[in-house]
Amino acid sequence: MKKNVALAIALTFVVSSASAADMTEHQKVLYAIGQVLADQVGVFALTPDELKSVQQGLHDGVTGAKSAVDMSVYGPKIKPLAEERAAAAAKKSETQGEALIARAAAEKGATKGAGGIVYRSLRAGSGATPKADDTVSVNYRGTLPDGKEFDSSYKRGKPADLPLGNVIACWRTGLQMMKVGGKAKLTCPPQTAYGDHSVGGVIPPNSTLTFEIELLGIKAK
């Protein structure tokens, strides 16, 4: 069993730099294992050199090789390191978020809504305005404070149909300020987005998020 896992991990590292088009279906599954593991250690914000040490520990663990360190000594040090890195990441996100909110609020036409949300219309709509219990059809893209895109319906080539009762508070508020056909920019403080939770290893805890949203329609009930 351990040999099979070791092979999977080894192959994951080999194909990690390949594009999906170059992979077999089996390699894609192995690559997915690597993504799951990355999510689990995301809190550590590993540097390239640190990642090498983690990879060595993973390799030795799954192959049954003798551990290079005394786990009774170093195992208990994992949690304090995770807490230290998480606290540093949260502080960084808070500082970046405050600066992002200030910049967004200073943009021409921007208004502040409930929870500190900053709303700016990019294109006025002429249709109906959704209510809190409606399902809407939208196109959108979301970015982190550093501008990195973490999600986009445009890239998937398909709008999203979303019940307003199931979306984050920032969207629920912002979309009820729009009319069908409109496009808006929402800057969402953490308390109106995902709070102190990490999402998918992509959105750090306490992140202020920016969304550009096009309200395409309101779905019939």
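Going by the structure above, here's the rest.
For clarity, every value in this text was computed on a predicted model and none was experimentally measured.

### Things to note about the environment of T208
Mapped onto the elements of the fold, T208 is located in the loop between β6 (183-188) and β7 (209-218). Given a relative accessible area of 2%, T208 falls into the buried group. Separated by 16 residues in the primary sequence, T208 and T192 place their C-alpha atoms 8.8 Å from one another. Not counting the four nearest positions on each side in its chain, T208 is found in contact with G97, L100, I101, L144, P145, T187, C188, P189 and P190.

### A word on the pairing of β7
Counted residue by residue, β7 has seven buried out of ten residues, so it is predominantly covered. Inspection of the sheet shows β6 paired to β7 by six bridges, in the antiparallel sense. Paired with K185 across the strands is E212, a residue of β7.

### Topic: unusual backbone geometry
Despite not being glycine, A45 shows a phi value in the positive range, around 45°. Look at A45 and you get exposed, because its relative accessible area is 54%.

### Let's talk about helix α5 (residues 78-106)
For α5, which comprises 29 residues, the first-to-last C-alpha distance of 42 Å matches the rise-based estimate of 42 Å (1.5 Å per residue) to within 8%. Residues of α5 that are buried: A82, A90, S93, G97, L100, I101 and A104. Here the buried face of α5 lies against β1 (111-112), β2 (118-123), β6 and β7.

### Some thoughts on the state of the cysteines
Each disulfide consists of a covalent bond between the sulfur atoms of two cysteine residues. Within this structure, the stated rule accounts for one disulfide. Disulfide pairing is shown between C170 and C188; the S-S distance is 2.0 Å. Here C170 and C188 share a disulfide; its torsion about the S-S bond, -70°, makes the bridge left-handed. Linking C170 in helix α7 (residues 169-175) with C188 in strand β6, this pair joins segments that are 18 residues apart in sequence. On the basis of relative accessibility, which here comes to 0%, the residue C188 falls in the buried class.

### Some thoughts on the nonpolar core
Formed by 24 residues in total, the largest nonpolar core has its most connected members in V138, W171, L175, L186, F211 and I213. Elements supplying a minimum of two residues to this core: β3 (135-143), α7, β6 and β7. For W171, the residues in contact, after removing those within four places along its chain, are V138, Y140, L162, L186, F211 and I213.

### Here's the deal with a nonpolar patch on the surface
There is a patch of nonpolar side chains on the surface, built from V69, M71, V73, Y74 and I78 and spanning about 450 Å² of accessible area. If one sorts the elements of the nonpolar patch by residue count, helix α4 (residues 71-74) sits on top with three residues. With respect to the helices and strands, V69 occurs in the loop between α3 (48-63) and α4. We classify V69 as partly exposed; its relative accessible area is 39%.

### Thoughts on the packing of aromatic side chains
Following the criterion strictly, the structure yields three aromatic pairs and no others. Grouping aromatic residues by their ring pairs yields a cluster made of Y140, F150, W171 and F211.

### Regarding the environment of G97
Inspection of the secondary structure assignment puts G97 in helix α5. Since its relative accessible area comes to 3%, G97 is described here as buried. Separated by 38 residues in the primary sequence, G97 and T135 have C-alpha atoms spaced 29 Å apart.

### Some details on the pattern of salt bridges
Tallied over the full model, the rule gives twelve salt bridges. Ionic pairing is found between E107 and K185, a salt bridge with its closest N-O pair at 2.8 Å. Taken together, the residues E107 in the loop between α5 and β1 and K185 in strand β6 connect sequence positions 78 residues apart. K185 sits in the buried class, given a relative accessible area of 15%. As a salt-bridge pair, K155 and E149 come within 3.1 Å of each other at their nearest N and O atoms. Residue K155 is classed as exposed on the basis of its relative accessible area of 70%. For E149, a relative accessible area of 24% translates into the label partly exposed.

Cut-offs used in this document
- Here the residue numbers are simple positions, counted from 1 along each chain's written sequence.
- In keeping with the predicted nature of the model, local features appear solely for residues at pLDDT of at least 70, side-chain atom pairs appear and are counted solely at 80 or more, and the whole-chain, interface and lining totals rest on all residues.
- Side-chain figures throughout are based on the complete set of non-hydrogen atoms in the structure, without hydrogens or water.
- To qualify as a helix, a DSSP run of H or I must reach at least 4 residues; to qualify as a strand, a run of E must reach at least 2; elements of each kind are numbered from the N terminus.
- Three labels apply to residues, based on accessible area from a 1.4 Å probe with only protein chains included: buried if under 20% of the type maximum, exposed if over 50%, partly exposed otherwise in between.
- Contact between two residues is taken to exist if any of their heavy atoms lie within 4.5 Å; hydrogens are not considered.
- Criterion used throughout: strands pair if DSSP finds at least two bridges between them.
- In a helix, the anticipated span is given by 1.5 Å times the number of residues less one.
- A pair of cysteine sulfur atoms is labelled a disulfide when the two atoms are within 2.5 Å.
- In plain words, nonpolar cores are sets of buried Ala, Val, Leu, Ile, Met, Phe, Trp, Tyr and Cys residues tied together by side-chain atoms within 4.5 Å.
- Residues enter a patch when their relative accessible area is above 30% and they make no salt bridge; the linking distance is 9 Å between like charges and 5 Å between nonpolar side chains (Val, Leu, Ile, Met, Phe, Trp, Tyr).
- Surface exposure here means Shrake-Rupley accessible area, sampled with a 1.4 Å probe, where a residue is shielded only by the protein chains that are shown.
- Salt bridge criterion: a side-chain nitrogen from Lys or Arg within 4 Å of a carboxyl oxygen from Asp or Glu.
- A pair of aromatic rings is counted whenever rings of Phe, Tyr or Trp (Trp by its six-membered ring) have centres within 6.5 Å, and the orientation is called stacked for planes under 30 degrees apart, edge-to-face for over 60 and tilted otherwise.

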